[in-house]
Amino acid sequence: MRELPVTDVQAAVRGLFLQINRRVSPDIEAAMRRALERETSPAARYVLTQLTDNYAAAAETGLPLCQDTGMAVCFLTVGQDVHFTGGSLTQAVEQGVRDAYIEGCFRKSIVSDPLFDRVNTGDNTPAVIHLSLVPGESVRILAMAKGFGSENMSRVFMLPPAAGEEGVLDAVVTAVREAGPNPCPPVIVGVGIGGDFETAPLMAKRATARPIGVHHPDARYAALEEKALERINRSMIGAAGIGGLTTALWVSAEYAPTHIAGMPVAVCICCHASRHAETVL
Amino acid sequence: MIRDLTLPLHKPAALPLRAGDLVTLSGVLYTARDAAHKRLINLLREGKPLPFPLKDQVIYYVGPSPAPAGLPIGSAGPTTSYRMDSYTPELLSLGLGGMIGKGRRSPEVIEAMRRYGAVYFGATGGAAALLARSVLSCEVIAFPDLGPEAVRRLTVERFPAIVLIDSMGNNLYEIGPAACTRRAER
């Protein structure tokens, strides 16, 4: 049994959100620079140049990369031999988010009631927390700041098994095509296949955090990712949706066992400033 | 070529703009997004005056992040425009000259833009720290309780934008990808 003070979790969450809102991960920056190099449309080049210049502007000023600093999402993978001490784990995560958004001068975008009051909570909490238990005594924290320009374009398709690989590809391409310019392309696409109505989108969202260039270890799913990326980029939606060669930077798929009668497919669309980072305590 | 435009956007400057034109904007504009639009329309329903003039003015769909000490504004990129579509034709009918945002507009908005000679500009979504550099000053002029959604008056200098939909209804979201597809097929 390992004792872990919740203040350690709070500090880690604070640090992660301060970092991801200001600095894009190196794999995404490299992919964006490659997209600019190969782009031939002057308008798309105008956009991609601004986006790559934005990295330096954020670094120099300390401003967040995007004014929509997102809803704070934390995937906590907790070793079952960890005993959290000194308070509530959930409250520690919330406090870490609160600390980062206030200290970082990030936008507070959360309203307490989705339908009637829509009053801003003022500190970007509550966060969305996904907890899973695994063997061992370490704690892995994956933090994501998810903007809603792209979140609003994410989709769940409850496909029949007969839809097969073509059905999955169609679902992915349909989601990206219909989203068009809205989610700030070039996008990063996470695909969750299988599970049930709620596990598919969880897998899809988590998949958006996989580094660009890293395929699924199963060769069949890796090939599916390749095909989906190729078909998406054939759409020529391009950066900002105004026409261009790069509509998506990457597609990551994950799968899980499912029911004999179904094949859920979730497509999580993430903007080019896919803000996420992971740490292990 | 990048064309430099001055705000407010008077008709002689607005009408010749075409979808795909790269521009910079300098002058005064107003910010409003979902909640502020709802309130503006409510004010009109009640016959009350709006907090800013509409004639030839440009509304920027943005909810900036808070300004750190020493800067006029925080990050300030566009939000997705379709959420304002249900309110927009009425504002256009009252003289609104243009909008800055990102993403598609409804057929009703495009029809109203044609009728009243308005322009829809795109700012680059996610270039928010860079776009903040074009903002010289920022002042909340209405609905301060809305926080990031309050209406602000911004003075901007050489704010980079693209004409997405022009006053003839030409739409870069259709023309741009189609042109790239034709080039790729050649």
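Every residue gets a number counted from 1 within its own chain, in the order that chain's sequence is written. Lettering of chains starts at A and numbering of ligands starts at 1, both following the order in which they are written. Since the coordinates come from a predicted model, pLDDT governs what is reported: local features require at least 70, and pairs of side-chain atoms require 80 or more to be given and counted, while whole-chain, interface and lining totals use all residues.

1. Details of the overall build of chain A
So, point 1. Along its length, chain A carries eight helices and ten strands.
So, point 2. Radius of gyration here is computed from C-alpha atoms only, and the compact-globule reference equals 2.2 Å multiplied by the residue count raised to the power 0.38. Over its C-alpha trace chain A gives a radius of gyration of 19 Å, about what one expects of a compact globule, namely 19 Å for 281 residues.
So, point 3. For chain A, the spread of C-alpha atoms along the three principal axes comes to 55 × 50 × 40 Å.
So, point 4. The buried share among the 281 residues of chain A stands at 48%.
So, point 5. Relative to all contacts within chain A whose residues are 6 or more apart in sequence, the contacts with residues 24 or more apart total 80%. Each helix corresponds to a stretch of at least 4 residues labelled H or I by DSSP, and each strand to a stretch of at least 2 residues labelled E; elements are numbered beginning at the N terminus. Burial is judged by counting the other C-beta atoms within 10 Å of a residue's own C-beta: 20 or more makes it buried, 12 or fewer makes it exposed, and any count in between marks it as partly exposed, with every C-beta position built from the backbone. Each residue gets a C-beta atom placed from its backbone, and two residues are in contact if those atoms lie within 7 Å.

2. Digging into the interface of chain A and chain B
So, point 1. On the side of chain B, 41 residues touch chain A, which itself brings 40 residues to the contact.
So, point 2. At ten residues, helix α3 (residues 42-61) of chain A tops the list of elements feeding residues into the side of chain A that touches chain B.
So, point 3. Gly is put with the polar residues, along with every residue not named as nonpolar or charged; the nonpolar set is Ala, Val, Leu, Ile, Met, Phe, Trp, Tyr, Cys and Pro, and the charged set is Asp, Glu, Lys and Arg. Classifying every residue of the side of chain A that touches chain B by side-chain character gives 20 nonpolar, 17 polar and three charged.

3. Focus on the sheet that holds strand β2 (residues 71-79) of chain A
Residues and elements named next belong to chain A.
So, point 1. Taken together, the four strands give an open sheet; going across it, the order is β4-β2-β5-β10, and neighbouring strands pair in mixed fashion. Of all the strands in the sheet, just β4 (128-134) and β10 (275-280) have a single pairing partner and so form its edges. Pairwise comparison of adjacent strand axes, ignoring direction, gives a mean angle of 10° for this sheet.
So, point 2. The criterion for strand pairing is that DSSP finds at least two bridges linking the strands in question. The pairing of β2 with strand β5 (residues 139-146) spans eight bridges and is classified as antiparallel. Residue pairing across strands places Cys74 opposite Ala143, the latter belonging to β5. Structural elements are reduced to axes, namely lines fitted to C-alpha atoms, with helices fitted over the stretch in contact, and the angle between N-to-C directions of any two is expressed from 0 to 180 degrees.

4. Considering the nonpolar core
So, point 1. Nonpolar cores are identified as sets of buried Ala, Val, Leu, Ile, Met, Phe, Trp, Tyr and Cys residues joined via C-beta atoms within 7 Å. With 107 residues, the main nonpolar core has Val172(A), Val176(A), Val189(A), Val191(A), Val267(A), Ile269(A) and Phe121(B) as its most contacted residues.
So, point 2. When sequence neighbours within four positions are dropped, the list of residues in contact with Val189(A) reads Val172(A), Val176(A), Ala248(A), Val251(A), Val267(A) and Ile269(A).
So, point 3. Of all hydrophobic cores here, the second largest spans 25 residues; its members include Phe17(A), Ile20(A), Ala127(A) and Ile141(A).

5. With respect to the sheet that holds strand β7 (residues 187-195) of chain A
One key point about sheets: their strands pair by backbone hydrogen bonds, in either a parallel or an antiparallel sense.
Residues and elements named next belong to chain A.
So, point 1. The sheet built from four strands is open, its strands ordered β6-β9-β7-β8 with mixed pairing. Across the chains shown, the open sheet's two edge strands, defined by having one partner strand only, are β6 (155-159) and β8 (248-258). Each strand axis lies, on average, 15° off the axis of its neighbour in the sheet, ignoring direction.
So, point 2. Bridging between β7 and β8 involves nine bridges; their strand directions are parallel. Paired with Ile188 across the bridge in β8 is Trp250.
So, point 3. Helix α6 (residues 164-179) rests against β6, β7, β8 and β9 (263-270) of the sheet, and its axis sits at about 30° to β9.

6. Concerning the domain arrangement of chain A
Note: interface size is frequently given as the accessible area lost on complex formation between the parts.
Residues and elements named next belong to chain A.
So, point 1. According to the domain assignment, chain A contains domain 1 (2-20 + 65-146) and domain 2 (149-273).
So, point 2. Marked domain ranges trace back to an automatic or database domain assignment. The centre of domain 1, based on its C-alpha atoms, is set 26 Å off from the matching centre of domain 2.
So, point 3. Contact residues are listed per partner, giving eight residues for domain 1 and six residues for domain 2.
So, point 4. For the side of domain 1 that touches domain 2, the leading source of residues is β5, giving three residues.
So, point 5. Considered class by class, the residues forming the side of domain 1 that touches domain 2 number five nonpolar, one polar and two charged.

7. Looking at the pairing of β9(A)
Residues and elements named next belong to chain A.
So, point 1. Among the eight residues in β9, eight count as buried, and that is most of the element.
So, point 2. Here β9 shows a buried face lined by Met263, Val265, Val267 and Ile269 and a second buried face lined by Pro264, Ala266, Cys268 and Cys270.
So, point 3. As paired strands, β6 and β9 are joined by five bridges and run antiparallel to one another. Across the sheet, residue Arg155 finds its bridge partner in β9, namely Val267.
So, point 4. When β7 meets β9, the two strands line up antiparallel, connected through six bridges. The residue bridging Val191 from the neighbouring strand is Val267, located in β9.

8. Side note on the environment of His215(A)
So, point 1. Of note, His215(A) is situated in the loop between α7 (199-207) and α8 (219-234).
So, point 2. Separated by eleven residues in the primary sequence, His215(A) and Glu226(A) place their C-alpha atoms 8.6 Å from one another.

9. Details of unusual backbone geometry
All names here are of chain A.
So, point 1. Here the amide bond leading from Thr125 into Pro126 is cis, since omega sits at 0°, within 30 degrees of zero.
So, point 2. Among the structural elements, Pro126 can be located in the loop between α4 (89-103) and β4.
So, point 3. Following Pro185, the chain continues into Pro186 via a peptide bond in cis, with omega recorded as 5°.
So, point 4. Positionally, Pro186 belongs in the loop between α6 and β7.
So, point 5. Of note in this structure, Arg118 is not a glycine but carries a positive phi near 50°.
So, point 6. Within the element layout of this structure, Arg118 appears in the loop between α4 and β4.
So, point 7. The exposure class assigned to Arg118 is exposed, which follows from the 12 C-beta atoms found within 10 Å.
So, point 8. The backbone phi angle of Ala240 is positive, close to 60°, even though this residue is not glycine.
So, point 9. Position of Ala240 among the secondary structure elements: in the loop between α8 and β8.

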